[in-house]
Amino acid sequence: MGGAVSAGEDNDELIDNLKEAQYIRTELVEQAFRAIDRADYYLEEFKENAYKDLAWKHGNIHLSAPCIYSEVMEALDLQPGLSFLNLGSGTGYLSSMVGLILGPFGVNHGVELHSDVIEYAKQKLDFFIRTSDSFDKFDFCEPSFVTGNCLEISPDCSQYDRVYCGAGVQKEHEEYMKNLLKVGGILVMPLEEKLTKITRTGPSAWETKKILAVSFAPLIQPCHSESGKSRLVQLRPVS
């Protein structure tokens, strides 16, 4: 999925193209995209593809196309101080961009199935904090990542202001995802081949908006341990 905008020579040119194509529409989202170089999240031998509007996958490491991340960031309607949960947090690229907007009083949690990808994300986060000029220009809400299946989040976990799922959600898991949200919160996820924005307008009231057609790998179903019990994912409380 992707290829909606022409390739750029560098990160700024990629963002210029995303703006021109109306994928990036607000100043906050533009600032976050410009602050983090997409190429920094690629393995060295694949960096020449970083500024193309295409997804990239290598083993368990995966990045969605820039046009998809743009639509996700815009749909989340991010503001300083909100709590954010990224399901399938991957390389941490999206979580870090979100963290630049959430600021010092936000909450930035990620759940990732693959422990090798968590290590990769931590390395990339450390590199960003140590080397980026942008880091000094923002009050950053540093993401924290836990390993686990996002369909096994502990039932007593806090609810969040914003939730994103980076894998295709089957219809039977829609309610589970919606219940991760606070009232007034926004959930963005691929649901039945459509990137979908769901706003929780009341305890049992929802508004749903289809954003665009997408193709995502489906959520991986939990594997139960030998005892037959699932391994619940524990997240730090959202204050």
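What counts and what doesn't
- Residues numbered from 1 in each chain as written.
- Predicted model: local features only at pLDDT ≥ 70, side-chain atom pairs only at ≥ 80, totals over all residues.
- Heavy atoms only, no water.
- UniProt positions renumbered as here; feature names shortened; annotations may be inferred.
- Buried < 20%, exposed > 50% of the residue type's maximum accessible area, 1.4 Å probe, protein only.
- Helix = DSSP H or I, 4+ residues; strand = E, 2+ residues; numbered from the N terminus.
- Salt bridge = Lys/Arg side-chain N within 4 Å of Asp/Glu carboxyl O.

Per an unreviewed UniProt entry, the protein is named Protein-L-isoaspartate (D-aspartate) O-methyltransferase domain containing 2, and its organism is Pongo abelii. UniProt annotates the protein under Subcellular location (unreviewed entry) with the comment "Cytoplasm". Under Sequence similarities (unreviewed entry), UniProt gives the following word-for-word description of the protein: "Belongs to the methyltransferase superfamily. L-isoaspartyl/D-aspartyl protein methyltransferase family."

The buried fraction of helix α4 (residues 93-102) amounts to ten of the ten residues, a majority that puts the element mostly inside the structure. For α4, the full list of buried residues reads Tyr93, Leu94, Ser95, Ser96, Met97, Val98, Gly99, Leu100, Ile101 and Leu102. Gly103, located one to two residues past α4, shows a positive phi value of around 75°.

Let's shift gears to the pattern of salt bridges. What the rule picks out here adds up to eleven salt bridges. Close ionic contact of Lys182 with Asp161 constitutes a salt bridge, the shortest N to O distance being 3.7 Å. Taken together, the positions of Lys182 in strand β7 (residues 181-191) and Asp161 in strand β6 (residues 160-165) put the pair 21 residues apart, joining distant regions of the chain. A salt bridge links Glu175 to Lys178, with the shortest nitrogen-to-oxygen separation between them at 3.2 Å. Of this pair, Glu175 and Lys178 both sit in helix α6 (residues 174-178), separated by three residues, roughly a single helical turn. Residue class for Lys178 comes out buried when judged on its relative accessible area of 7%. Among the charged side chains, a salt-bridge network with shared partners connects Asp12, Asp16, Lys19, Glu30 and Arg34.

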